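Observations on the model geometry
As a plain string of letters, each chain reads:
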Amino acid sequence: MVRANLVSVILLMHVIVGFPFHARGLSMTYYMMSCPMAEQIVKNSVNNALQADPTLAAGLIRMLFHDCFIEGCDASILLDSTKDNTAEKDSPANLSLRGYEIIDDAKEKVENMCPGVVSCADIVAMAARDAVFWAGGPYYDIPKGRFDGKRSKIEDTRNLPSPFLNASQLIQTFGNRGFSPQDVVALSGAHTLGVARCSSFKARLTTPDSSLDSTFANTLTRTCNAGDNAEQPFDATRNDFDNAYFNALQRKSGVLFSDQTLFNTPRTRNLVNGYALNQAKFFFDFQQAMRKMSNLDVKLGSQGEIRQNCRTIN
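Note that the coordinates shown come from a computational prediction; the quantities given were computed from them, not determined experimentally.

Applying the stated criterion across every chain yields a total of 4 disulfides. Each disulfide pairs two cysteine sulfurs, and for C120 the partner residue is C310, the sulfurs being separated by 2.1 Å. One quick way to see it: the torsion about the S-S bond of C120 and C310 is about -100 degrees, and its sign makes the bridge left-handed. Residue C120 is located in helix α5 (residues 120–134), and its partner C310 is located in the segment after α12 (279–294); the two are separated by 190 residues in the primary sequence. Considered together, C120 and C310 belong to a single accessibility category, that of buried residues. Sequential numbering of the bridged cysteines in the protein gives the disulfide pattern 1-4, 2-3, 5-8, 6-7.

Set out below in structure tokens:
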């Protein structure tokens, strides 16, 4: 009776906070019978890695985005290039991605316990979620059941949004994938973690830019004195998931043009101001948008496979 009541409460909680148990063939309880420890195994791999190197949290979140935005959330970003094919991960846009070894570790441990059951695509989605929470962000549940794709081509990465897009272009690019302007601003808040390389923002330093604080421009210039690969944190708390990124935009201290444009544009400025004022609101909207991102164009059943090794198709 107690167990039945507990299940009823959990079900009710998922309904109240908007967590569908089934989304496009996915299910919150997908591995309950086939691999009940899957989520805990992934979480342990993520936590152990981030304790050793907190900067990898940003890498895992970015990996999910770069995976899902191309061929959908199908772990195509994990596939290695072959002599006959240059894969997504070797695109210039993806060369700075980090965290592959965390996915490999989780996959190896899951395979040892439940061979051929848990997809690499689900592991990428769970790892990003766990990284957000580990860094101090909101916890959100996601349905599982994604299958792994069999295609990974460098030319597909041309669809990744550029750091040089303005707000209208970002809204259109994301809108084509079903995201609202609010989603765009909330997802951009993932830049509360991590760094940008000089090559992605140095163009802002060569022409007068009234949207860039002069003191911060000097900071960026000093960073770029060390070369194109020199790194600049997006905000002052690079390893903490908070709303400091939006506070920086208000101070005209966004690192990328595609960051600062969100404050410069009236259509998105109010969202930036709202998140800068209310971190809880940012967290709520971010988890909603990440749930949507994690469900983007997923493959099911015969559309994909369950890879034995995340780096190669079976």
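Two elements in contact, helix α3 (residues 56–71) and helix α4 (residues 100–113), have axes separated by 9 Å at closest approach and are oriented at 80 degrees. With respect to α4, the axis of α3 lies roughly perpendicular. Listed contacts from α4 to L56, L60 and M63 of α3 are Y100, E101, I102 and I103. In terms of residue class, the contact of α3 with α4 is built from 6 nonpolar, no polar and 1 charged.

Moving on, we get to the domain arrangement of the protein. Reports often express the size of an interface as the amount of accessible area lost when the parts come together. Taken as a whole, the protein is organised into domain 1 (25–160 + 295–303) and domain 2 (167–294). Each of domain 1 and domain 2 has a C-alpha centre, and the two are 24 Å apart. Taken together, the contact pairs 26 residues of domain 1 with 20 residues of domain 2. Across the domain 1/domain 2 interface, buried area totals approximately 2,000 Å², and carbon plus sulfur atoms make up 67% of it. Its largest share of buried area at the contact with domain 2, domain 1 owes to F69, P138 and Y140, together 27% of the area lost on that side. Along the contact surface separating domain 1 from domain 2 lie 1 salt bridge. Between D297 and R177 there is a salt bridge, with its nearest N and O atoms 2.5 Å apart. Remark: the boundary between domain 1 and domain 2 carries 10 residue pairs in polar contact (both at pLDDT 80 or more). With 8 residues, α3 is the single largest residue contributor to the side of domain 1 that touches domain 2. Here the side of domain 1 that touches domain 2 is built from residues that sort into 18 nonpolar, 5 polar and 3 charged.

A few words on the UniProt feature "binding site: Ca(2+) 2" (unreviewed entry) in the protein. Summarizing the sequence annotation, UniProt attributes the feature "binding site: Ca(2+) 2" (unreviewed entry) to T192, D235, T237 and D242 in the numbering used throughout. These annotated residues cover 51 residues of sequence, but their C-alpha atoms sit close together, with the largest distance between any two at 9.8 Å. Relative to the elements of secondary structure, D235 occurs in the loop between β4 (231–233) and α9 (244–250). Given the relative accessible area of 9%, D235 is considered buried. D235 has contacts with H191, T192, D242, A244 and Y245, leaving out every residue within four places of it along the chain. Classification of T237 by relative accessible area gives partly exposed; the value is 25%. In this structure T237 touches T192, D242 and A244, once residues within four positions along its chain are discounted.

Procedures and definitions
Residues numbered from 1 in each chain as written. Predicted model: local features only at pLDDT ≥ 70, side-chain atom pairs only at ≥ 80, totals over all residues. Heavy atoms only, no water. Disulfide = S-S within 2.5 Å. Helix = DSSP H or I, 4+ residues; strand = E, 2+ residues; numbered from the N terminus. Buried < 20%, exposed > 50% of the residue type's maximum accessible area, 1.4 Å probe, protein only. Axes fitted to C-alpha atoms, helices over the stretch in contact; angles between N-to-C directions. Parallel < 35°, antiparallel > 145°, perpendicular 65-115°, else oblique. Contact = heavy atoms within 4.5 Å. Nonpolar A, V, L, I, M, F, W, Y, C, P; charged D, E, K, R; others polar. Domains from an automatic or database assignment. Buried area = accessible area lost by both parts, 1.4 Å probe. Salt bridge = Lys/Arg side-chain N within 4 Å of Asp/Glu carboxyl O. Polar contact = N/O pair within 3.5 Å; in protein donor to acceptor, adjacent residues only side chain to side chain. UniProt positions renumbered as here; feature names shortened; annotations may be inferred.

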